Amino acid sequence: MKKYLYIVALAVIGFSSCKKEFLDRPPQDQLSDDTYWSSENNVRIFSWGFYPAYFSAYGSGFTWGRYFSGQSLNDDFAPTSPAQWIQNVPSTSGNWTFSWVRKANLFLDRIQQVPMPEEAINHWSGIARFFRALEYHDLVKSYGDVPWFGEVLEEADKEQLYKPRDPRTFVMDKVLEDLQFAASNVRENDGAKGLVVNKYVVLAFMSRIMLYEGTFLKYHGIDEAKATTYLEAAKWAAEQVINSGKFQIADNYRAVFSSNDLSSFKEIIMYRKYETGMLTHALMSYNNNEPQTGISRDAIESYLASDGLPISISPLYQGDKGITNVMANRDPRLSQTVVGQLRINQYAANYSTSGYSIHKFLNESLKSAPEASGALNQTDGPVIRYGEVLVNYAEAVAELGTLTQADLDKSINVLRKRPGVTLPDLQVLGGQPAVNGTVYDDPERDPTVSSLLWEIRRERRIELMMEGFRLDDLKRWKKLEYADTQGNPTINRGAWISKTDYPNTNVHIEGGGTEGYIIPAIKPESQRLFTDPKVYLDPLPLDQIKLYQENGFTLTQNPGW
């Protein structure tokens with residue numbers, strides 16, 4: 001298993017040649033492009049070089065992965081200095097690069113030369129196309145229109161190297177083709193269960209990617225027909241995973257994120273293995289021993305009461321004056337995500353900016369052990385899991401307008417029956433959300449979102465809390481205004497406290513009094529304001545626009561930049 005820890009020196013290969021005839025033959029202890037592609041095992045080793053780029057999980061060392069506050073620009077976090085939108089066009093950027101596209105194209109090309117059976121060639125071609133699809137998904141998310149490169153280019157081919165940007169729908173059609181090929185040809189099992197790409201990893205990512213693109217096109221008014229095509233693809237991919245019968249929801253929600261060994265978890269479709277002395281991370285340390293960017297009041301209030309109703313209409317809700325009341329009679333995922341005591345003391349090592357502290361990623365049996373400190377954490381990190389596939393399915397079907405009770409019962413209601421999480425089923429009656437046969441409508445609902453879709457989005461937010469999805473979700477729904485700290489003030493609110501109960505704190509209370517909600521970001525200049533829709537796409541770096549111009553070509557900038 002150690003060899004699958006994604007530390008693969010052979011995956012980064014320098015291919016070179018020498019002009020002198022006696023150096024034409026590479027030294028016997030080095031690899032070259034001419035000699036490397038000789039076996040399926042070498043192909044497999046090369047594929048591992050893509051893993052750290054796309055399957056970061058909990059990161060490595062002190063570097064953040066997708067989880068917790070590694071991605072805090074959204075409405076789930078209440079920081080003292082909110083992350084800001086991009087303000088200016090950068091002179092340069094490492095994000096506008098096609099090096100991973102080139103690597104995937106080279107991989108795909110070289111696979112065809114390897115002496116191995118057709119099944120193996122198709123499998124590895126599917127792997128290469130899968131990685132190309134992942135990279136183009138990231139590029140399109142950031143920039144919209146990008147040039148599509150479907151083969152390895154020669155340096156002299158300037159017409160192709162400096163080609164104009166292709167429409168995002170053209171690029172995403174190619175991505176869909178890549179994913180469909182991969183879904184049809186990648187093996188169901190290629191060894192090291194859960195650690196390497198297989199058919200179900202492809203399908204799970206396909207449901208994620210196509211849901212993103214379908215909803216982005218729909219809500220940004222780009223192409224309704226293509227949106228439907230991509231949403232159908234998301235639904236299909238998720239349904240293939242569901243119908244396979246190979247996965248099921250884990251008995252313990254929190255254990256999925258705090259276990260030292262995920263190999264036996266049937267919810268895990270793919271994970272990253274951590275092991276002392278080889279690959280470790282710092283997420284558990286950030287979750288236990290460091291000051292936290294706390295969860296926002298807005299996120300806390302999104303958790304349902306235990307009767308399945310929003311807190312604003314549930315008779316079971318006890319209010320928010322005191323953490324005991326906040327946690328009482330709520331969706332059990334709240335207590336499995338948030339600590340049942342406030343951390344207010346700003347002089348303590350593990351205080352929270354909002355008072356509410358996260359322990360979703362903390363393995364409490366290890367929190368005092370040496371491996372729980374610094375960057376020595378070894379809890380395994382989920383890369384993609386069945387719980388996400390279920391919410392992807394529910395949302396895709398709802399967006400297509402075909403959601404039935406049967407769809408809810410095999411997706412959201414499966415999540416609600418998780419041991420230790422049990423909530424009443426979400427029902428659909430006359431196109432409206434219902435619990436125990438009674439239709440309801442959340443008074444806090446965004447009026448531009450249907451009541452049923454509002455509840456499906458809520459379920460997604462709760463199930464995937466702190467897992468790195470929220471900003472992407474707000475972008476694709478065209479709802480970045482939710483992350484405006486003035487327009488949506490509950491995201492700049494923390495716990496309700498009385499300062500007399502916490503004499504060792506100087507947190508700012510709303511209104512300047514001694515009782516009320518903690519206000520983490522108090523300076524006017526630190527507020528995050530959503531004022532310009534141009535931030536839905538990143539600006540292209542100036543050096544790339546100049547490079548095109550210097551070679552006689554034109555690279556257009558994104559709107560508004």
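What you are looking at is a predicted structure, and each value in this text was computed from that prediction instead of being measured.

*Asks:* Before we go on, may I ask you to explain the pattern of salt bridges in this structure?
*Replies:* Applying the stated criterion to the full structure yields 47 salt bridges. Between arginine 254 and glutamate 364 there is a salt bridge, and its shortest N-O distance comes to 3.7 Å. Here glutamate 364 lies in the loop between α13 (323-327) and β2 (381-385) and arginine 254 lies in the loop between α9 (224-244) and α10 (255-258), a separation of 110 residues in the sequence. For arginine 254, a relative accessible area of 13% corresponds to the buried category. Residue arginine 333 is joined to glutamate 463 by a salt bridge in which the shortest nitrogen-to-oxygen separation is 2.8 Å. A residue pair is termed long-range when its members are at least 10 positions apart, and arginine 333 in the loop between α13 and β2 and glutamate 463 in helix α17 (residues 451-463) qualify at 130 residues. The same class applies to arginine 333 as to glutamate 463, namely buried. Several salt bridges share partner residues, and in doing so they unite Glu267, Asp331, Arg333, Lys360, Arg385, Arg416, Arg418, Glu459, Glu463 and Glu467 into one network.

*Asks:* What is the right way to look at the packing of helix α2 (residues 40-48) against helix α5 (residues 118-143) in this model?
*Replies:* For any two helices packed against each other, one specifies the crossing angle of their axes together with the interaxial distance. Interaxial distance between α2 and α5 falls to 11 Å at its minimum, and their mutual angle equals 10°. When the interaxial angle is binned, α2 and α5 end up roughly parallel. The element α2 and its partner α5 pack so that their crossing is left-handed. In contact with Glu40, Val43, Arg44 and Ser47 of α2, α5 contributes Ala120, Trp124, Ile127 and Phe131.

*Asks:* What exactly am I supposed to notice about the layout of surface pockets here?
*Replies:* Summary: where empty space remains is shown by rolling a probe the size of a single water molecule over the atoms. Empty space within the largest pocket amounts to approximately 1,200 Å³. In this structure, the largest pocket is lined by 43 residues; those nearest its centre are Gln71, Asp138, Lys141, Ser142 and Asp472. Among the elements that line the lining of the largest pocket, the one with the most residues is α5, at eight residues.

*Asks:* Before we go on, may I ask you to explain the nonpolar core in this structure?
*Replies:* Soluble globular proteins: nonpolar side chains tend toward being buried together. Counting 145 residues, the largest nonpolar core has Phe55, Phe107, Phe130, Phe131, Tyr136, Val197 and Met210 as its most contacted members. With 13 residues, the top contributor of residues to this core is α5. Ignoring any residue separated from it by four or fewer positions in sequence, one finds valine 197 in contact with Tyr51, Phe55, Ile127, Phe130, Phe131, Val186, Val202 and Met270. Val449, Tyr482, Tyr536 and Trp561 belong to the second largest nonpolar core, which has 15 residues in total.

*Asks:* Just checking my understanding: could you explain the pairing of β2 for this structure?
*Replies:* Every regular strand shows the same layout, with side chains that alternate between the two sheet faces. Among the five residues of β2, five are classified as buried, and the element is accordingly described as predominantly covered. Here strand β1 (residues 268-272) runs beside β2; their pairing, made up of four bridges, is antiparallel. Pairing of tyrosine 271 across the sheet is with proline 382, part of β2.

*Asks:* I would appreciate a short explanation of empty space enclosed by the protein in the present structure.
*Replies:* Taken as a whole, this structure holds six cavities of 30 Å³ or more when the rule is applied. One number sums up the size of the largest cavity: a volume of about 90 Å³. Forming the boundary of the largest cavity are 15 residues, of which Asp76, Leu464, Met466, Phe469 and Arg470 lie nearest the centre. Among the secondary structure elements, those contributing two or more residues to the lining of the largest cavity are α17 and α18 (470-476). Residue classes in the lining of the largest cavity are distributed as six nonpolar, three polar and six charged.

*Asks:* So what exactly am I meant to see when it comes to the side chain of serine 354 here?
*Replies:* With respect to the secondary-structure elements, serine 354 resides in the loop between α13 and β2. Not counting residues up to four positions away in its chain, the partners in contact with serine 354 are Ala78, Gly294, Ile295, Gly494, Ala495, Ile518 and Pro520.

Calculation rules
Residues numbered from 1 in each chain as written. Predicted model: local features only at pLDDT ≥ 70, side-chain atom pairs only at ≥ 80, totals over all residues. Heavy atoms only, no water. Salt bridge = Lys/Arg side-chain N within 4 Å of Asp/Glu carboxyl O. Helix = DSSP H or I, 4+ residues; strand = E, 2+ residues; numbered from the N terminus. Buried < 20%, exposed > 50% of the residue type's maximum accessible area, 1.4 Å probe, protein only. Axes fitted to C-alpha atoms, helices over the stretch in contact; angles between N-to-C directions. Parallel < 35°, antiparallel > 145°, perpendicular 65-115°, else oblique. Left-handed = near helix turned anticlockwise from the far one by under 90°. Contact = heavy atoms within 4.5 Å. 1 Å grid on protein atoms, 1.4 Å probe; cavity = no way out; pocket = protein on both sides within 12 Å on 5 of 7 lines; lining within 4 Å. Points joined across faces, edges and corners; volume = space filled by probe spheres on them. Core = buried A, V, L, I, M, F, W, Y, C linked by side-chain atoms within 4.5 Å. Pairing = 2+ DSSP bridges. Nonpolar A, V, L, I, M, F, W, Y, C, P; charged D, E, K, R; others polar.

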